Amino acid sequence: MLFRGKAIILLGPRQVGKTTLLKKLFPQREDILWLNGDEMDVQAFFANASATRIEALLGNRKILVLDEAQRIENIGIRLKLITDEIPHVQLMAIASSSFSLSNKINEPLTGRKRLLRMFPFTFGEMVQHQGLMEEKRMLPHRLVYGYYPEVVMNPGDERTVLKEISESYLYNDLLSWEQISKPDRLLVLLQALALQVGSQVSYHELGQLTGLDSKTVEKYIQILEQAFVIFRLQSFSRNLRNELKQSKKIYFYDNGIRNAILANFSQIELRTDIGALWENFFISERLKFNASKDRWVNSWFWRTREQNEIDLLEESEGKLHAFECKWRPVQKDKIPRAFTTHYPDALTSIVHRENVDEFLL
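Being a predicted model, the structure only gives us computed values, none of them experimental. (Residues numbered from 1 in each chain as written. Predicted model: local features only at pLDDT ≥ 70, side-chain atom pairs only at ≥ 80, totals over all residues. Heavy atoms only, no water.)

## A short note on helix α2 (residues 40-47)
- Of the positions making up α2, those classed as buried are Val42, Phe45 and Phe46. Looking down the long axis of α2, one finds its buried residues gathered within 90° of arc, a one-sided arrangement. Across from the buried face of α2, at angles greater than 90 degrees, the exposed residues are Met40, Asp41 and Ala44.
- Close packing links the buried residues of α2 with β2 (32-36), α3 (51-58), β3 (63-67) and α4 (75-85). (Buried < 20%, exposed > 50% of the residue type's maximum accessible area, 1.4 Å probe, protein only. Helix = DSSP H or I, 4+ residues; strand = E, 2+ residues; numbered from the N terminus. Arc of directions from axis to C-beta. Contact = heavy atoms within 4.5 Å.)

## What about unusual backbone geometry?
- The backbone of Gln15 sits at a positive phi, close to 70°, despite the residue not being glycine.
- Note on placement: Gln15 falls in the loop between β1 (7-11) and α1 (18-25).
- For Gln15, a relative accessible area of 39% puts it in the partly exposed group.
- With a phi angle near 70°, Gln307 is a residue other than glycine that sits in the positive phi range.
- Looking at the secondary structure, you find Gln307 in the loop between β8 (298-303) and β9 (309-316).
- With relative accessibility at 56%, the residue Gln307 sits in the exposed group.

## Brief notes about empty space enclosed by the protein
- In this structure the tally under the stated criterion is three cavities of 30 Å³ or more.
- Classifying every residue of the lining of the largest cavity gives five nonpolar, three polar and two charged. (1 Å grid on protein atoms, 1.4 Å probe; cavity = no way out; pocket = protein on both sides within 12 Å on 5 of 7 lines; lining within 4 Å. Points joined across faces, edges and corners; volume = space filled by probe spheres on them. Nonpolar A, V, L, I, M, F, W, Y, C, P; charged D, E, K, R; others polar.)

The structure is reproduced here in structure tokens:
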């Protein structure tokens, strides 16, 4: 993607390795200028900088990297200016999720950017690192502590690291954002969502639990989604009258963050929510898998009023694939007949801890 006339925007939550990645890609390169949007003089420079001043700052450098770019006022306009007026320089902007939250780049950079997202580590990456058998042995641990790089690389200190990560981007970034008028209620909302993983959610019911109106609940959920804390699955409806059409489920991108919100790091042998943990793990890992493979996939869950249910339903290239999540493989587990009858051409899979690698590698 380099030097093709497009700004490259690298987005993702804090602590997933965005800056580390670029420094690995450009080690000891002399024609690169690194600037950090956290620094006051960088913010002041870009507040009124013209293309001429920016070009003078760059000198003979061919690459400009703006870290924490969301801190710079009117950043979208500044990025457009650099891309349009200094086309021989490759612009790269690194930003935490609040960058996309505030919609500072979408309109100014229409047609001028390549947007890339980074996630915590994936099951597949860890298999490459330490082998399939070892990573499958680690699954109970991953269900509790997740895949944030610093968590994975500090065995024995996972709780402290997760506390720091969650406080960093949940509390410092999100709770200080100007559109969140009731930060204490956002925390209550997060805890309610963490307890309802794998269940259908109602904005009205969440509002009653948190003391927020339904529109505010929806706005806060959108903020959390854009911040890579949670993501939504809508219900799939195509053939049956009794299919639920307006329902939604909410999952967390990382199990460790979900458990940190609940302050619950009990091992899985002692937990009553193992089914929810496994479902959240697989669906989030499948989302990351599809993104890493650049697969264009639509994702839903499926349920009827009679409570026949499919945890994850994917559509790609005109084909449906249904996944039902079960932590412990049981021979009698089956895909609901109501689904296979009305969607006979769909692929179906029961995903459990013994065969999960078939769907994540």
